[in-house]
Amino acid sequence: MKKEKTSLLRNAGVQSLLASLLCILIGLIVGYIVLLIIEPSGANKAITTIIKNFLTYSRTDTQLKYLGNTLAKTAPLLLCSLSVLFAYKAGLFNIGAAGQYVIGAGASLYFALALNMPWYVCLIAAIIAGAVLGAISGLLYAYRNVNVVISCIMLNWISLYSVNTLLTSVKDSTSPYTLPLASTNPSAVLPTLGLDKLFNGNEYVTIAVPLAIIIAIIIWVVLEKTKMGYELKATGYNKNAAKYCGMQEKKNLVMTMAIAGALASMGAALYFLTGFEQWSCSQASVPDMGFNGIAAAFLGGLSPLGSILSSFFIQHISSGGAYVDKTMYCAQISDLISSIIIYVCGFVLFFKYAMNKWLDRSAEKKAEKEASKDEKGGAEQ
Amino acid sequence: MILLLQYTLIFASVLMLVALGGCFSEHSGIVNIGLEGIMVMGALGGALVMKFLPNLSAPLMILLVVICSMALGTVYSLLLAVAAINFQADQTLVGTAMNLLGTAAATVFVKAMNTAESVDNVSSIIQYVNQKKALVVYIGKFEFNWFMLIALVLLILSYFILYKTQFGLRLMACGEHPQAADSVGINVYKMRYAGVLISGMLGGLGGIVYITAGVSEWKFENGVAGFGFLALAVMIFGQWKPHNIALAALLFGMLRALSNVYTAFDFLAALNLPGNLYNMLPYIICLVVLAFTSKNSRAPKAEGIPYDKGQR
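Bear in mind the structure is a predicted one, so any value in this text is a computation, not a measurement.

A.B. asks: Can you lay out the overall build of chain B for me, pointing to particular residues and giving the numbers?
C.D. replies: In terms of helices and strands, chain B carries twelve helices and four strands. What you see for chain B is a C-alpha radius of gyration of 20 Å, in line with the 20 Å of a compact globule of 312 residues. Judged by the C-alpha coordinates and their principal axes, chain B covers about 55 × 50 × 30 Å. Here chain B, with 312 residues, has 59% of them falling under the buried criterion. Partitioning the intrachain contacts of chain B with sequence separation of at least 6 by distance along the chain shows that 76% fall at a separation of at least 24. Total accessible area on chain B is roughly 12,300 Å²; 66% of this is exposed by carbon and sulfur atoms. Of the side-chain charges in chain B, 17 are positive and 13 negative, and the distance between the mean point of each set is 9 Å.

Okay, structure coming up:
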C-alpha cells in the first residue's frame, strides 16, 4: 500500500494538481487576511461569499441563471488560457493573448455592427485577425530575432488603440460604449441552441460554452496525439535540435503564434457576440482577460483539460467578488486573490522540485532503515 | 506650445525614471515586466503622504513624497526579486502577476480607506489639489515641476553608477555572463537583488511623478494606464543605455503629450488624425526599430535566465 502512495505522489499529474490546489489555498488565505485587516467582523462571510459565488442565491433557478453568467465569461477565459499554454508548449510566452483578445473583440464587433454580418462571419473575422496579429509576433521572432514577450507587449497596446479608434464608428453617440448587439444586428448574436433554457432563460449562455470545451479537447489532441504537436513541443525544448532533426523550426514558431493568436481572439468573439458586455471605446488599458488567461493556463498545470477547471474556478471567484458586502469591502478583492494565485504559480516548478527531493530523501531513509533492520535481523540469527 | 513643452518634459521624466529602473534590473539579468505594478505602488505611497500630511512645507513635502514612493516601490519589487532570484520562477509570469496585483491591491486598499472614512465613499480616488502646489513652481506660464530636476539628477547619477563605478560594472557583468562574474568572486544573487531593488526604487518614483503630472486626483482602479509598458519600450529604444534612454524618453514623452494637446496646433488638427495614433506611435516605432536591430541586439545576454550556481 505504502509503495503505491509514493508512486502516486511522484506522478506528474498528481503533483500538478497538488501544486495548483496549494496555489489556490495560498491565494484564498492571503485574501482572507486582507479581509480581516480591513474589517474583521465580516471577513468570514465575505470569503465564503466569494467562494460560493452564484450559490449565495437560495433559489435553484436564480442559481442556475447566475451560473450561466459565470459560464458565459468562462468561455473567453478558457480560450485565452489555451492560447497561452499552446504557445508555452513551444517555448513562447504569449503575453500577447491580451492584445489578441482585444483585436478579436474589435474585428467581431466591427463586422457585426458596422457591416451587419451574421455571427459566423464575425467569428471567422476575429479568428483571422487574431491569427495575423499572432503571426506578426511569430515572424518577428523567427526572422528578426525580436523577443516574443516584447513584441507582444507592443502589439497589445497598438491593438488597443486601433480597436478603440475603429469601434468609435459604431459607438453609441451618448456613451463610450458600442451599440447594443441584440437590437442593432440580431443575426450576429451567437445562437443558443436551447442552452439558455437549461439556465433559466439566460440568453448569454450560447454555443460559446460547449464550443470552448470542444476546442480545449481539440488542443489536447493536437498537442498530445499529432505530429504537429510533437514538433511544436520539440521546437520548444530546443530550437536548434529541432532544426537539426529536419523540422522547419521557423515555420513551426510562426504557426504556433498564429494559432495562439486565433485562440485568444476567438475567445473575445465568443464573449462579445453574446451581447453580455459592450466595448468601451475610451478604455485606457488592455483588458485583464488575456492576463487572466495566463493565470488560468498556469493554474491548470499547462494542460488543456486542467485549463477547463482552472478557468472556471478563476471566473467563479471573480464573479463571487461582486457579491461581497459593499459597505465593508470592494469587488476587487477577488482580483487581488486571483493575482496572488498567479504570483504563487511562479513557484510551482520549485514546489515540484522540492517535493521530488523530499520523496527521494524519504525513500532513501526508508531504504536505510530496512537495510539496518536486515542487518540487525542477520546479527540476531 | 508651452503646454506641449511642459507635458513633454513631465512625461519624459516619468518614462526616463521608470526606464532607468528597468535598465538596472535588466543589466543585472532580471527582466522586469512588473514595472507597471511597481509604478502603481510607488504612486500609492506618494499619494498617501500627500493625503495624510497635507500641511508640510514644500521641501519637506517633496522629500517625504519621494522617499515614501521609492520605499513602497522597493518593497514591492522584493516580490520579483525573491521569486526570480531565490526560487527561479518564470520572470514574465511573476511580472504579469505583479502588474495585476499592483492595481488590485492599491484599489482594495484605497477603497477600504475611503469607506472607513465615510461609508458612502466607495471610490478609489485620492485627492491632492492643494498638496500638489508644493511640487510645482511657475516660471512665467511654464509649470516647472521639481520632479523634472530630480529625474535629471537621477539620470546623471545612473550613468555614473553604471559606467564609472565598480558596482555598476559588476552589475552589468551579472547580466551578460553570470557564471563568469561568479568565477571572479562577484556574488551574482546579491547583484541581482540590487538591480531589482533599484528598479523598484526608480519605478516607484516614476509612479508618483506620473499621477501628479497634470491632474490633482487619481483613481487607482485605472492603474497607470500602460506607462510601465511604455517605459519598457523607451528602455529598448534606448538600447539599455542611460543617455539613449533619456533621448528616447523625450521623443516618446512628446508623442504622449501630443496626444493630449494636438488639437491646439493648427497643422496637426488639420491633418485630422485620431488622437489614438499619437498614443500608438511609440509602440510602432519601437517595434520597427526592434525588427531592424535585434539581430545584433544590445540587450543583456543573460536576461531572463535564472542563475543557478550548480549549472554550467
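A.B. asks: Quick rundown of the overall build of chain A? Include the residues and the values.
C.D. replies: When helices and strands are counted, chain A shows 17 helices and zero strands. In terms of its C-alpha atoms, chain A occupies a principal-axis envelope of roughly 95 × 65 × 40 Å. For chain A, with 381 residues in total, the buried portion stands at 51%. Counted over contacts in chain A with a minimum sequence separation of 6, partners at least 24 positions apart contribute 76%. Total accessible area on chain A stands at roughly 17,200 Å², and carbon and sulfur atoms take up 63% of it. Placing the 29 positive and 20 negative side-chain charges of chain A at their respective mean positions leaves the two points 4 Å apart.

A.B. asks: Explain the layout of surface pockets to me, and be specific about the residues and the numbers.
C.D. replies: Taken as a whole, the second largest pocket holds about 1,500 Å³ of empty space. Around the second largest pocket sit 44 residues that line it, and Val286, Pro287, Asp288 and Asp335 of chain A together with Glu221 of chain B are the ones nearest its centre. The set of elements that each furnish at least two residues to the lining of the second largest pocket consists of α13 (249-272), α14 (289-299), α15 (304-321) and α16 (333-345) of chain A together with α4 (91-117) of chain B. When residues in the lining of the second largest pocket are grouped by element, the largest group, six residues, is from α4 of chain B. Across the lining of the second largest pocket, the residue classes break down as 18 nonpolar, 19 polar and seven charged.

A.B. asks: Outline the nonpolar core, supporting the account with residue identities and numerical values.
C.D. replies: Counting residues in each nonpolar core, the largest one holds 219 residues, and the members touching the most others are Leu82, Ile95 and Trp279 of chain A together with Ile126, Tyr210, Ile211 and Phe220 of chain B. Considering each element in turn, this core owes the most residues, 14 residues, to helix α1 (residues 2-28) of chain B. Discounting chain neighbours no more than four positions away, the residues touching phenylalanine 220 of chain B are Val40, Ala43, Leu44, Ala47, Thr103, Ala106, Thr107, Val110, Ser124, Ile126 and Ile211 of chain B. Residues Phe54, Leu67, Val205 and Val209 of chain A belong to the second largest nonpolar core, which totals seven residues.

A.B. asks: Explain the environment of leucine 56 of chain B to me, using residue names and the numbers behind them.
C.D. replies: Locating leucine 56 of chain B in the fold gives a position in the loop between α2 (35-52) and α3 (58-86). Contact partners of leucine 56 of chain B, with chain neighbours within four places excluded, come to Met61 and Leu64 of chain B.

A.B. asks: Tell me about the pairing of strand β3 (residues 142-145) of chain B, and name the residues and values.
C.D. replies: Residue and element names in this part refer to chain B. Side chains Phe142 and Phe144 of β3 all project onto a buried face; the interleaved residues Glu143 and Asn145 project onto the opposite face, where all are buried too. Where strand β2 (residues 136-139) lies against β3, four bridges are found, and the strand directions are antiparallel. Bridge pairing in β3 places valine 136 opposite asparagine 145. Counted between consecutive antiparallel strands, the loop separating β2 from β3 contains two residues, among which glycine 140 sits at a positive phi close to 65°.

A.B. asks: Let's hear about empty space enclosed by the protein: which residues, and what values?
C.D. replies: All names here are of chain B. One pass over the structure, following the stated rule, counts one cavity of 30 Å³ or more. Taken as a whole, the largest cavity encloses approximately 70 Å³ of empty space. Looking at the lining of the largest cavity, the elements that each hand over two or more residues are α1 and β3. Among the elements that make up the lining of the largest cavity, the one with the highest residue count is α1 (three residues). The class makeup of the residues in the lining of the largest cavity is four nonpolar, four polar and two charged.

A.B. asks: Can you break down the pattern of salt bridges residue by residue, with the values?
C.D. replies: Residues and elements named next belong to chain B. All told, the structure shown has five salt bridges over all chains when counted by the stated rule. Taking the shortest distance from any N to any O, the salt bridge between lysine 51 and glutamate 117 comes out at 3.5 Å. With lysine 51 in helix α2 and glutamate 117 in helix α4, the pair connects residues that are 66 residues apart, well separated along the chain. Using a relative accessible area of 49% as the deciding quantity, one classes glutamate 117 as partly exposed. Lysine 111 is paired through a salt bridge with glutamate 221; the nearest N and O atoms lie 3.9 Å apart. On the criterion of sequence distance, the pair formed by lysine 111 in helix α4 and glutamate 221 in the loop between β4 (217-219) and α9 (227-237) is long-range, its members being 110 residues apart. Judged by its relative accessible area of 12%, lysine 111 falls in the buried class.

A.B. asks: Kindly report on the interface of chain B and chain A, identifying the contributing residues and their values.
C.D. replies: The partner chain A presents 44 residues to the 44 residues of chain B that form the contact. Together chain B and chain A conceal approximately 3,900 Å² of surface at their shared face, both sides included; 78% is due to carbon and sulfur atoms. At the junction of chain B and chain A, the tally comes to zero salt bridges. If you look at where chain B meets chain A, you find seven residue pairs in polar contact (both at pLDDT 80 or more). Elements that contribute at least two residues to the side of chain B that touches chain A include exactly α3, α4, α9 and α12 (275-293) of chain B. At 14 residues, the largest contribution of residues to the side of chain B that touches chain A is made by α4 of chain B. Looking at the side of chain B that touches chain A, its residues break down into 31 nonpolar, eight polar and five charged.

A.B. asks: Describe the packing of aromatic side chains, with residues and values.
C.D. replies: Counted under the stated rule, the structure contains 26 aromatic pairs over all chains. Between tryptophan 157 of chain A and tyrosine 283 of chain B the ring centres are 6.1 Å apart and the planes differ by 15°, which places this aromatic pair in the stacked class. Here tryptophan 157 of chain A is found in helix α7 (residues 148-167), whereas its partner tyrosine 283 of chain B is found in helix α12 on a different chain. A single burial state applies to tryptophan 157 of chain A and to tyrosine 283 of chain B, both of which are buried. Joined through ring pairs, the aromatic side chains of Tyr101, Tyr204, Tyr271, Phe272, Phe276 and Trp279 of chain A make up one cluster.

A.B. asks: With reference to specific residues and values, describe helix α11 (residues 227-237) of chain A.
C.D. replies: Residues and elements named next belong to chain A. All of the buried residues along α11 are Gly229, Glu231, Leu232 and Thr235. All buried residues of α11 fall inside an arc of 165° around its axis, so they share one side. Every exposed residue of α11 that faces more than 90 degrees away from the buried side is listed here: Lys227, Tyr230 and Tyr237. Looking at the buried side of α11, the elements it contacts are α4 (60-89), α10 (208-225), α12 (239-244) and α13.

A.B. asks: Go over the packing of α16 of chain A against α4 of chain B with me, naming the residues and quoting the values.
C.D. replies: Two elements in contact, α16 of chain A and α4 of chain B, have axes separated by 8 Å at closest approach and are oriented at 155°. The angle between α16 of chain A and α4 of chain B falls in the class roughly antiparallel. Judged by the twist between their axes, the crossing of α16 of chain A over α4 of chain B is left-handed. Taken together, the residues of α4 of chain B that come into contact with α16 of chain A (itself represented by Ile333, Asp335, Leu336, Ser339, Ile340, Ile342, Tyr343 and Cys345 of chain A) are Leu93, Val94, Ala97, Leu100, Leu101, Ala104, Ala105 and Val108 of chain B. Residues belonging to the contact of α16 of chain A with α4 of chain B are distributed by class as follows: 14 nonpolar, one polar and one charged.

Rules of the game
- Residues numbered from 1 in each chain as written.
- Chains lettered and ligands numbered in written order.
- Predicted model: local features only at pLDDT ≥ 70, side-chain atom pairs only at ≥ 80, totals over all residues.
- Heavy atoms only, no water.
- Helix = DSSP H or I, 4+ residues; strand = E, 2+ residues; numbered from the N terminus.
- Rg over C-alpha atoms; globule rule 2.2 N^0.38 Å.
- Buried < 20%, exposed > 50% of the residue type's maximum accessible area, 1.4 Å probe, protein only.
- Contact = heavy atoms within 4.5 Å.
- Areas by Shrake-Rupley, 256 points an atom, 1.4 Å probe, with all protein chains shown as cover.
- Lys, Arg positive; Asp, Glu negative; His and termini not counted.
- Charge placed at Lys NZ, Arg CZ, Asp CG, Glu CD.
- 1 Å grid on protein atoms, 1.4 Å probe; cavity = no way out; pocket = protein on both sides within 12 Å on 5 of 7 lines; lining within 4 Å.
- Points joined across faces, edges and corners; volume = space filled by probe spheres on them.
- Nonpolar A, V, L, I, M, F, W, Y, C, P; charged D, E, K, R; others polar.
- Core = buried A, V, L, I, M, F, W, Y, C linked by side-chain atoms within 4.5 Å.
- Pairing = 2+ DSSP bridges.
- Salt bridge = Lys/Arg side-chain N within 4 Å of Asp/Glu carboxyl O.
- Buried area = accessible area lost by both parts, 1.4 Å probe.
- Polar contact = N/O pair within 3.5 Å; in protein donor to acceptor, adjacent residues only side chain to side chain.
- Phe/Tyr/Trp six-rings, centres within 6.5 Å; stacked < 30°, edge-to-face > 60°.
- Arc of directions from axis to C-beta.
- Axes fitted to C-alpha atoms, helices over the stretch in contact; angles between N-to-C directions.
- Parallel < 35°, antiparallel > 145°, perpendicular 65-115°, else oblique.
- Left-handed = near helix turned anticlockwise from the far one by under 90°.

That's the geometry; what it means functionally is another story.
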